[in-house]
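# Breakdown of the fold
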Amino acid sequence: MSQNEAQATEAAYRDEASTQVGGQGAERRPSRGRISLREMFGAAEAPDFDSYEALDAHIRRTETSTRIRMIGIPAGAVILVVGLNLVGAQQVAIALTFPLLFIAGVFMMTANINRYHLRRLKRLRENWAD
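The rules behind each value
- Residues numbered from 1 in each chain as written.
- Predicted model: local features only at pLDDT ≥ 70, side-chain atom pairs only at ≥ 80, totals over all residues.
- Heavy atoms only, no water.
- Helix = DSSP H or I, 4+ residues; strand = E, 2+ residues; numbered from the N terminus.
- Contact = heavy atoms within 4.5 Å.
- Patch = residues over 30% accessible without salt bridge, like charges linked within 9 Å, V, L, I, M, F, W, Y side chains within 5 Å.
- Areas by Shrake-Rupley, 256 points an atom, 1.4 Å probe, with all protein chains shown as cover.
- Salt bridge = Lys/Arg side-chain N within 4 Å of Asp/Glu carboxyl O.
- Axes fitted to C-alpha atoms, helices over the stretch in contact; angles between N-to-C directions.
- Parallel < 35°, antiparallel > 145°, perpendicular 65-115°, else oblique.
- Left-handed = near helix turned anticlockwise from the far one by under 90°.
- Nonpolar A, V, L, I, M, F, W, Y, C, P; charged D, E, K, R; others polar.
- Buried < 20%, exposed > 50% of the residue type's maximum accessible area, 1.4 Å probe, protein only.

### A few points about the environment of L100
Along the chain, L100 turns up in helix α5 (residues 90-126). For the pair L100 and V81, spaced 19 residues apart in sequence, the C-alpha to C-alpha distance is 8.8 Å. The residues contacting L100, other than those within four sequence positions of it, are A77, L80 and V81.

Below, the structure is given as structure tokens:
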């Protein structure tokens with residue numbers, strides 16, 4: 001298979017995947033076909049809310065997600081490593097520590113981004129009547 005055929009196959013696969021996942025994903029994507037960090041980590045685009053209730057529900061969902069990412073994921077990683085250490089699998093615990101720290105750090109960074117997004121959404125909710 002030549003390089004051009006491989007690139008054409010990859011482009012066809014990418015187009016098919018984008019239409020299956022979101023329908024609008026291909027339209028929002030950059031022209032070179034690369035996935036943005038926003039799409040990679042599942043961050044939502046700035047939605048236009050039709051009602052106050054929809055905005056309030058979105059704020060509650062974002063708060064819950066932020067708490068899970070800031071507290072739940074790192075706590076789960078620590079519990080897993082400590083549990084493995086206590087049952088006698090110290091080598092496995094040591095091997096999993098750094099990858100788990102990296103994964104938990106990524107989740108905490110996205111949660112921190114969501115915290116700032118929440119501030120903006122709450123201001124929007126407070127100024128809804130204006």
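What follows continues from the structure just given.
### Regarding a nonpolar patch on the surface
Together, Y52, L124 and W128 make up an exposed nonpolar region whose accessible area comes to about 260 Å². With respect to the secondary-structure elements, Y52 resides in helix α4 (residues 52-86).

### Re the packing of α4 against α5
For the pair α4 and α5, interaxial distance at closest approach is 9 Å and the crossing angle is 165°. With respect to α5, the element α4 is oriented roughly antiparallel. For the pair α4 and α5, the crossing hand works out as left-handed. Grouping the constituent residues of the contact of α4 with α5 by class yields 21 nonpolar, 11 polar and six charged.

### Here we look at the pattern of salt bridges
Side chains carrying opposite charge are able to pair once their charged atoms draw close together. Summed over the entire model, instances satisfying the criterion amount to three salt bridges. Here D56 ties to R125 by a salt bridge, and the two come within 2.6 Å at their closest N and O atoms. Taken as a pair, D56 in helix α4 and R125 in helix α5 lie far apart in primary sequence, 69 residues in all. By relative accessible area, which is 17% here, D56 ends up buried.

### Quick word on the environment of V81
Within the element layout of this structure, V81 appears in helix α4. Note on V81: relative accessible area 19%, which makes it buried. Taking C-alpha positions, V81 is 5.1 Å from A93, a pair spaced 12 residues apart along the chain. In this structure V81 touches A93, T97 and L100, once residues within four positions along its chain are discounted.

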